[in-house]
Amino acid sequence: GAVVSQHPSRVICKSGTSVKIECRSLDFQATTMFWYRQFPKQSLMLMATSNEGSKATYEQGVEKDKFLINHASLTLSTLTVTSAHPEDSSFYICSTFFRTGGDYYEQYFGPGTRLTVT
Amino acid sequence: AQSVTQLDSHVSVSEGTPVLLRCNYSSSYSPSLFWYVQHPNKGLQLLLKYTSAATLVKGINGFEAEFKKSETSFHLTKPSAHMSDAAEYFCVVSSDSNYQLIWGAGTKLIIKP
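Anyway, here's the lowdown on the structure attached to this text. (Residues numbered from 1 in each chain as written. Chains lettered and ligands numbered in written order. Predicted model: local features only at pLDDT ≥ 70, side-chain atom pairs only at ≥ 80, totals over all residues. Heavy atoms only, no water.)

Some remarks on the side chain of K66(A)
Residue and element names in this part refer to chain A. Convention followed: Helix and strand definitions follow DSSP, with helices as H or I runs of at least four residues and strands as E runs of at least two, each counted in order from the N terminus. Each polar contact in these results corresponds to two N or O atoms within 3.5 Å; when the atoms are within protein, one needs to be able to donate a hydrogen and the other to accept it, and residues that are neighboring in sequence are counted only if both atoms are side-chain atoms. Any pair of residues with heavy atoms lying within 4.5 Å of one another is described as a contacting pair.
When you line up the elements, K66 lands in the loop between β6 (57-58) and β7 (67-73). Polar contacts involving the side chain of K66 include one to the main-chain carbonyl oxygen of S83, which spans 2.9 Å. Setting aside anything within four residues of it in sequence, one finds K66 in contact with T80, V81, T82, S83, A84, H85 and D88.

Set out below in structure tokens:
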């Protein structure tokens, strides 16, 4: 199956600083990547859909100026949390998909990045 | 619009006994359905998926799920629980575009020794 990597796996930063999280598809080209956040003991919440070479599409309630997404190549999408605050502490997960046959797709997930803002 | 409901937030079973994790979905068309597992501090792993082929789907680690259109259900089962099955399980349905996913709230499976 496809492999998606994320870096870093864990990051601790001070309030007010910015953090960049990278998501890479290692063995295939990903024109679309998804960014999720997951609070403790909760399900995944889709934040935005990142499209290579164009602007990301943000879900309702997600601040696009705070969560900057860049998808500059077919194998890399980045999420930058700007001016991070403790309430941004969460588990951030990226995923991408490819077609498995017909009209069906399979999604592959990165291992996640745990962000802690102090 | 599509939605998915996991009926139990926690399920606790003894090792060696059967597991049943319940999931109901709502969709205006024939959806694709998935079960994912997330072990503590680990990434998500696909257990199995239904994509309009056989209604009884077999997955990894002895899990299986049955798609029942009349009941709009996609319950996950395993005949005999193992300690390593302790994890969070998510039932997921595809959106209209078929590549965006709608996530259930998750069910935490607890295995008692």
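Thoughts on unusual backbone geometry
So the rule is basically this: The cut-offs for exposure are 20% and 50% of the maximum accessible area for each residue type, with area from a 1.4 Å probe on protein chains only; residues under the lower value are buried, those over the upper are exposed, and the others partly exposed.
In this structure, the amide linkage connecting H7(A) to the following residue, P8(A), adopts the cis form with an omega of 0 degrees. As for its placement among the helices and strands, P8(A) is situated in the loop between β1 (4-7) and β2 (10-13). The backbone of S83(A) sits at a positive phi, close to 45 degrees, despite the residue not being glycine. In this structure, S83(A) sits in the loop between β8 (76-81) and β9 (90-101). Look at T72(B): it is not a glycine, yet its phi comes out positive at around 45 degrees. If you trace the backbone, T72(B) turns up in the loop between β8 (64-68) and β9 (73-78). By relative accessible area, T72(B) is classed as partly exposed at 32%.

Points about the interface of chain B and chain A
Heads up, the condition is: Note: buried area is the sum, over both parts, of the accessible area (probe 1.4 Å) each one loses when the two are combined. The working definition used for a salt bridge is a side-chain nitrogen of Lys or Arg within 4 Å of a carboxyl oxygen of Asp or Glu. Here the nonpolar group is Ala, Val, Leu, Ile, Met, Phe, Trp, Tyr, Cys and Pro; Asp, Glu, Lys and Arg are the charged ones; every other residue, Gly included, is treated as polar.
Listed per partner, the contact involves 21 residues of chain B and 22 residues of chain A. Between chain B and chain A, the buried area comes to about 1600 Å², and carbon and sulfur atoms account for 53% of it. Across the chain B-chain A interface, the total number found is zero salt bridges. Here the side of chain B that touches chain A is built from residues that sort into nine nonpolar, ten polar and two charged.

A few points about the packing of aromatic side chains
Note on aromatic pairs: each is described by the distance of the centres and the angle between the planes. Selection rule: To pair, rings of Phe, Tyr and Trp, with the six-membered ring standing in for Trp, must have centres within 6.5 Å; the planes then decide the type, stacked if under 30 degrees apart, edge-to-face if over 60, and tilted in the middle.
Applying the stated criterion to the full structure yields 13 aromatic pairs over all chains. A centroid spacing of 5.1 Å and a plane angle of 80 degrees characterise the contact between F109(A) and Y36(B), whose relative ring orientation is edge-to-face. Note that F109(A) is positioned in strand β10 (residues 104-109) and Y36(B) in strand β5 (residues 33-38), a pairing that runs across two chains. Under the relative-accessibility criterion, F109(A) is labelled buried at 11%. Taking the centre distance of 6.3 Å and the plane angle of 50 degrees together, the rings of Y50(B) and F74(B) count as tilted. Here the residue Y50(B) occupies a position in strand β6 (residues 44-50), and F74(B) occupies one in strand β9, the gap between them amounting to 24 residues. F74(B) carries the same exposure label as Y50(B), and that label is buried. Members of the aromatic cluster, each reached through a chain of ring pairs, are Y36(A), F109(A), F34(B), Y36(B), F90(B) and W103(B).

Side note on the nonpolar core
Soluble globular proteins tend to pack their nonpolar side chains together in the buried interior. The cut-off we apply is this: By nonpolar core is meant a set of buried Ala, Val, Leu, Ile, Met, Phe, Trp, Tyr and Cys residues that side-chain atoms within 4.5 Å join together.
One finds W35(B), L48(B), L76(B) and Y89(B) to be the most contacted residues of the largest nonpolar core, which totals 26 residues. Here this core takes four residues from strand β10 (residues 87-94) of chain B, the largest share from any one element. In this structure, Y89(B) is in contact with Q6(B), L21(B), W35(B), Y36(B), V37(B), L47(B), F63(B), L76(B), G106(B), T107(B) and L109(B), ignoring residues within four places of it in sequence. Counting residues in hydrophobic clusters, the runner-up holds 25 residues, among them V4(A), A30(A), Y108(A) and L115(A).

A short note on the environment of N24(B)
Residue and element names in this part refer to chain B. Relative to the helices and strands, N24 resides in strand β4 (residues 23-26). On the accessibility criterion, N24 (21% relative accessible area) is partly exposed. On a C-alpha basis, the gap between N24 and K69 in space is 10.0 Å, while along the polypeptide they are 45 residues apart. Among residues more than four places away in sequence, those in contact with N24 are S3, V4, T5, L7, E71, T72, S73 and H75. A polar contact of 3.3 Å, which involves the side chain of N24, links it to the backbone oxygen of E71. Here T72 takes part through its backbone oxygen, which lies 3.1 Å from a polar atom of the side chain of N24.

Things to note about the pairing of strand β5 (residues 44-51) of chain A
Residues and elements named next belong to chain A. The following threshold applies: Strands were regarded as paired on the criterion that DSSP finds at least two bridges between them.
The element β5 is extensively covered by neighbouring structure, given that six of its eight residues are classed as buried. The loop that links strand β4 (residues 32-38) with its antiparallel partner β5 comprises five residues; one of these, K41, has a positive phi angle of about 60 degrees. Looking at chain direction, β5 and β6 are connected through two bridges and run antiparallel. Looking across to β6, one finds that T49 is bridged to T57. Where β5 folds back on β6, the antiparallel hairpin that results is connected by five residues, among which G53 adopts a positive phi of roughly 80 degrees.

Function cannot be read off these values alone, since they describe shape.
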